[in-house]
Amino acid sequence: MATMGRPRTFDRDRAIEQALHIFWQNGYESTSLSQLKAGIGNGITAPSFYAAFASKEALFGECVQRYLHTYARVTDPLWDSALTPRDAIETALRHSAKMQCERGHPKGCMVALGILSAPSEVNKSVTEPLTRSRERTRAGIKACVQRGVESGELRTGVDVRALTTVFDSFLLGLSTLARDGVPLAAMNAGIAQIMTVWDASCQHV
């Protein structure tokens with residue numbers, strides 16, 4: 001009878017969450033195998049690590065997918081047709097700011113911070129899912145702006161690309177503010193202010 005392998009001494013699901021926080025805090029390239037092993041804990045060895053996750057890259061991929069299906073859902077309001085275009089953008093901004101300032105996980109947004117996660121061409125493909133997520137969010141903001149024009153809420157002739165860039169860059173900038181310890185109240189005040197850019201482009205102005 002074949003003998004069973006040594007059982008894992010760690011909870012794989014919990015290990016992925018711990019690894020997610022490490023990657024989120026440090027980025028892909030700056031996270032070492034020793035940091036991951038220490039973060040996962042329970043004395044996991046290199047062979048056990050590779051047996052469980054195959055590679056650092058594969059583990060990062062699992063962590064990214066978990067992030068995109070949980071924390072990154074804060075931008076879902078951008079695709080909520082029940083909200084007005086303005087409310088959709090403002091709600092996404094406020095939900096994102098709140099998430100980025102919460103306790104229990106690193107500050108900032110892993111998707112936005114992913115811009116700096118893999119600066120080398122060698123590892124560029126590793127963070128491709130984060131790049132696609134930023135592109136999707138940008139497309140969601142653009143769709144809201146276009147919907148605003150089509151519904152008559154925004155003036156005809158509004159520069160859709162420029163207005164999209166305004167809100168997209170503000171959203172990306174929230175990560176830096178969160179990492180620098182800027183309080184949520186200040187971010188929310190900033191969101192109220194940035195929404196006046198939308199109001200200035202409305203038909204009644």
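Residues numbered from 1 in each chain as written. Predicted model: local features only at pLDDT ≥ 70, side-chain atom pairs only at ≥ 80, totals over all residues. Heavy atoms only, no water.

Asker: Pulling in residues and values, what's your account of the side chain of D168?
Answerer: The topology assignment puts D168 in helix α8 (residues 160–179). Side chain to side chain, D168 and R138 meet in a polar contact 2.7 Å long. (Helix = DSSP H or I, 4+ residues; strand = E, 2+ residues; numbered from the N terminus. Polar contact = N/O pair within 3.5 Å; in protein donor to acceptor, adjacent residues only side chain to side chain.)

Asker: Just give me the short version of the layout of surface pockets, but keep the residues and values in it.
Answerer: Remark: the empty space left among the atoms is shown by a probe the size of a water molecule rolled over them. Considering only enclosed or pocket space, the largest pocket measures out at about 320 Å³ in volume. Lining the largest pocket we find 24 residues, and of these A72, T75, V111, S133 and T137 sit closest to its centre. Mapped by element, the contributors of at least two residues to the lining of the largest pocket are α4 (56–68), α5 (85–101), α6 (110–113), α7 (128–151) and α8. Considering every element that reaches the lining of the largest pocket, the biggest residue donor is α7, with 6 residues. Considering only residue class, the lining of the largest pocket consists of 12 nonpolar, 6 polar and 6 charged. (1 Å grid on protein atoms, 1.4 Å probe; cavity = no way out; pocket = protein on both sides within 12 Å on 5 of 7 lines; lining within 4 Å. Points joined across faces, edges and corners; volume = space filled by probe spheres on them. Nonpolar A, V, L, I, M, F, W, Y, C, P; charged D, E, K, R; others polar.)

Asker: Give me the lowdown on helix α1 (residues 12–26), citing residues and values where you can.
Answerer: Given a rise of 1.5 Å per residue, 15 residues ought to cover 21 Å, and the 21 Å separating the end C-alpha atoms of α1 matches this to within 8%. Those residues of α1 that fall on the buried side of the exposure criterion are A15, I16, Q18, A19, L20, I22, F23 and W24. Count one or two residues on from α1 and you reach G27, which has phi positive near 85°. (Expected span 1.5 Å × (residues − 1). Buried < 20%, exposed > 50% of the residue type's maximum accessible area, 1.4 Å probe, protein only.)

Asker: Talk me through α7; I want residue IDs and the actual numbers.
Answerer: For α7, spanning 24 residues, the distance from its first C-alpha to its last is 34 Å, which sits close to the expected 34 Å at 1.5 Å a residue. Among all positions in α7, only P129, L130, S133, R134, T137, G140, I141, C144, V145 and G148 are buried. Of the residues one or two after α7, G152 is the one with positive phi, at around 90°.

Asker: So what's going on with the packing of aromatic side chains? Which residues, and what values?
Answerer: Using the criterion set out here, one finds 9 aromatic pairs in the structure. Both rings, one in F23 and one in F60, keep their centres 4.9 Å apart while their planes meet at 85°; by these two values the pair is edge-to-face. Taken together, the positions of F23 in helix α1 and F60 in helix α4 put the pair 37 residues apart, joining distant regions of the chain. The buried category is assigned to F23, whose relative accessible area is 2%. Note on F60: relative accessible area 0%, which makes it buried. Between W24 and Y71, the aromatic rings sit 4.8 Å apart at their centres with planes inclined by 65°, giving edge-to-face as the arrangement. Within this pair, whereas W24 is found in helix α1, its partner Y71 is found in the loop between α4 and α5, the two being separated by 47 residues in sequence. Residue class for Y71 comes out buried when judged on its relative accessible area of 18%. (Phe/Tyr/Trp six-rings, centres within 6.5 Å; stacked < 30°, edge-to-face > 60°.)

Asker: Summarise the environment of V111; cite the residues concerned and give the values.
Answerer: Among the structural elements, V111 can be located in helix α6. Each C-alpha atom of the pair V111 and V64 lies 8.6 Å from the other, and the pair is 47 residues apart in sequence. Other than its neighbours up to four places away in sequence, V111 contacts Y67, L68, A72, L130, S133 and R134. (Contact = heavy atoms within 4.5 Å.)

Asker: Quick rundown of the pattern of salt bridges? Include the residues and the values.
Answerer: On inspection of all chains with the given rule, the structure shows 9 salt bridges. With a shortest N-O distance of 2.3 Å, R73 and D76 are connected by a salt bridge. When salt bridges that share partners are traced, they join R86, E90, R94 and D199 into one network. (Salt bridge = Lys/Arg side-chain N within 4 Å of Asp/Glu carboxyl O.)

Asker: Requested: an account of the confidence of the model for the chain, with residues and values cited.
Answerer: The share of residues in the chain with pLDDT of 70 or more is 89%, and the mean pLDDT across the chain is 90. Low confidence marks residues 1–7, where pLDDT is under 50. Its contacts with residues over four positions away, or in another chain, come to 0 contacts. (pLDDT = per-residue confidence, 0-100.)

Asker: Describe the side chain of Q100, listing the residues and the values that go with them.
Answerer: Within the secondary structure, Q100 is located in helix α5. Only 3.3 Å separates the side chain of Q100 from the backbone nitrogen of C109, close enough to count as a polar contact. Discounting chain neighbours no more than four positions away, the residues touching Q100 are K107, G108, C109, L171, L174, S175 and A178.

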